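# Coordinate inspection notes
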Amino acid sequence: QVDLVESGGGSVQSGGSLRLSCTASGYSRSMYCMGWFRQVPGEERKSVARIDADGDTKYADSVKGRFTISHGTAQNTIHLEMHSLRPEDTAMYYCAANHDGYYCTRDSDISYWGKGTQVTVSS
């Protein structure tokens, strides 16, 4: 059983910063790709950022220049540094991982999902 545990969510004012973390436990090998998705009620879940085993990153246009994804020191751990947060960044953020390939920006790519952590940005 693989468990993705997220932390770091919370409430901040517009312009503030937040750091999300995720660790995938119960998996003895390195994930090929890990990333973050977010979802607002009534809307589809979308990829925010991803990082593969080589350290290559991708970001949604809406967060480029503001968010940074990185590997943690522990295996299958990632972080998401979120800066200059805006109310439109308010969403449930989900950690995701793929053990089959170097892609994890689509739902169909994902092997494992975290339960999500809420990020709320107020004006």
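Quick note: structure is the one above.
Residues numbered from 1 in each chain as written. Predicted model: local features only at pLDDT ≥ 70, side-chain atom pairs only at ≥ 80, totals over all residues. Heavy atoms only, no water.

## Here's the deal with unusual backbone geometry
Of note in the backbone geometry, N76 takes a positive phi value of approximately 60° without being a glycine. Among the structural elements, N76 can be located in the loop between β7 (67–71) and β8 (77–82). The backbone of S84 sits at a positive phi, close to 50°, despite the residue not being glycine. Within the secondary structure layout, S84 lies in the loop between β8 and β9 (91–98). (Helix = DSSP H or I, 4+ residues; strand = E, 2+ residues; numbered from the N terminus.)

## What to know about the sheet that holds strand β1 (residues 3–7)
Here we have 4 strands laid out as an open sheet, ordered β1-β3-β8-β7, and antiparallel in their pairing. Since the sheet does not close on itself, it has two edges, and those belong to β1 and β7, each with one partner. This sheet shows a mean twist of 15° between the axes of neighbouring strands, independent of strand direction. Here strand β3 (residues 18–25) pairs with β8 via 6 bridges, running antiparallel. (Pairing = 2+ DSSP bridges. Axes fitted to C-alpha atoms, helices over the stretch in contact; angles between N-to-C directions.)

## Re the state of the cysteines
Enumeration according to the criterion identifies 2 disulfides in this entry. With a sulfur-sulfur separation of 2.0 Å, C22 is cross-linked through a disulfide to C95. Handedness here is read from the sign of the S-S torsion; for C22 and C95, about -85°, the answer is left-handed. Of this pair, C22 sits in strand β3 while C95 sits in strand β9; the two residues are 73 residues apart in sequence, bridging distant segments of the chain. Here C95 falls in the buried class, since its relative accessible area comes to 0%. Each sulfur of the disulfide joining C33 and C104 lies 2.0 Å from the other. (Disulfide = S-S within 2.5 Å. Buried < 20%, exposed > 50% of the residue type's maximum accessible area, 1.4 Å probe, protein only.)

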